[in-house]
Amino acid sequence: MKNHTFGARTLAASLAVLAVLFEAPVSTHHSFAMYDQTKTVTLTGVVRQFVAQANHAELHFVLIAPDRKGLAKDADGKYIEWGVEMAGAAAVAQQGITTATFGAGTVFSVRLNPLRDGSNYGSRIGAIARCPVDPATNKPHLPEPDKHCDSVEGHSLSGGTAF
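Below is a short write-up of the structure.

## Examining the overall build of the protein chain
Summing up its helical and strand segments, the protein chain has two helices and six strands in all. When the helices and strands of the protein chain are read in sequence order from the N terminus, they spell out α-β-β-β-α-β-β-β. With 163 residues in all, the protein chain has 33% of them scored as buried. If you take every contact in the protein chain between residues at least 6 apart in sequence, the share linking residues at least 24 apart comes to 63%. When the accessible surface of the protein chain is split by element, carbon and sulfur atoms take 57% of a total near 9900 Å².

## Notes on the packing of aromatic side chains
What the rule picks out here adds up to two aromatic pairs. Residues Phe61 and Phe108 carry aromatic rings whose centres are separated by 5.0 Å and whose planes lie at 75 degrees to one another, so their mutual orientation is edge-to-face. Of this pair, Phe61 sits in strand S2 (residues 58-63) while Phe108 sits in strand S4 (residues 107-114), and the two are 47 residues apart along the sequence. Pair check on accessibility: Phe61 and Phe108 agree, each one buried. Look at Phe102 and Phe108: their rings are 6.0 Å apart centre to centre, the planes differ by 90 degrees, and that puts the pair in the edge-to-face class. Residue Phe102 shares its accessibility class with Phe108, and that shared class is buried. An aromatic cluster is built from Phe61, Phe102 and Phe108, whose rings are joined through pairwise contacts. When the ring centre of Phe102 is taken as origin, the NZ or CZ atom of Arg130, which lies over that ring, is 5.1 Å away.

## With respect to unusual backbone geometry
One non-glycine residue, Arg68, lies in the positive phi region at around 65 degrees. Mapped onto the elements, Arg68 comes out in the loop between S2 and strand S3 (81-85). By relative accessible area, Arg68 is classed as buried at 10%. Positive phi values are uncommon outside glycine, yet Asp146 reaches one of about 65 degrees. Among the secondary structure elements, Asp146 is positioned in the loop between strand S5 (121-130) and strand S6 (156-158).

## Quick word on the state of the cysteines
Here the structure, examined in full by the defined rule, presents one disulfide. The side chain of Cys131 participates in a disulfide bridge whose partner is Cys149; the two sulfur atoms lie 2.0 Å from each other. Disulfide Cys131 to Cys149: torsion about the S-S bond roughly -95 degrees, handedness left-handed. Highlighted residues: Cys131 in the loop between S5 and S6 and Cys149 in the loop between S5 and S6, separated in sequence by 18 residues.

Rules of the game
- Residues numbered from 1 in each chain as written.
- Predicted model: local features only at pLDDT ≥ 70, side-chain atom pairs only at ≥ 80, totals over all residues.
- Heavy atoms only, no water.
- Helix = DSSP H or I, 4+ residues; strand = E, 2+ residues; numbered from the N terminus.
- Buried < 20%, exposed > 50% of the residue type's maximum accessible area, 1.4 Å probe, protein only.
- Contact = heavy atoms within 4.5 Å.
- Areas by Shrake-Rupley, 256 points an atom, 1.4 Å probe, with all protein chains shown as cover.
- Phe/Tyr/Trp six-rings, centres within 6.5 Å; stacked < 30°, edge-to-face > 60°.
- Lys NZ or Arg CZ within 6 Å of the ring centre and 35° of its normal.
- Disulfide = S-S within 2.5 Å.

If you want it as structure tokens, here you go:
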């Protein structure tokens, strides 16, 4: 009987150690409950930085004004910046989303679920539409006012087949 009790204790101790070991990685990954999945926002902006991380790659960008005549500014005259979270860097690279394809200065449009707290950050929904670049001037073809890159002839999609 003692050997059976010793075996049960050893098993219980081993399970407790495994639970602790596997708890850390799970607890460091967040839930998507922080995003308001009842709201979809479509934004067009200019990449400031692509951040490749194992858990979630991110694009940080400055909004283009709705009239498409410059960058959007808030009431204090500061540029309006947003960020969008995506799958891990390896997964988005397979979708064509990398530092090479979304380097600083790239103009793109994205649909996202914004954070519930109102911060300028969200979780990507579907493909990202990149505005085409004029090879002669190396300047992007911007969409018409209140439209997005998916409406510009020659746009490209990354991360999906539909915007």
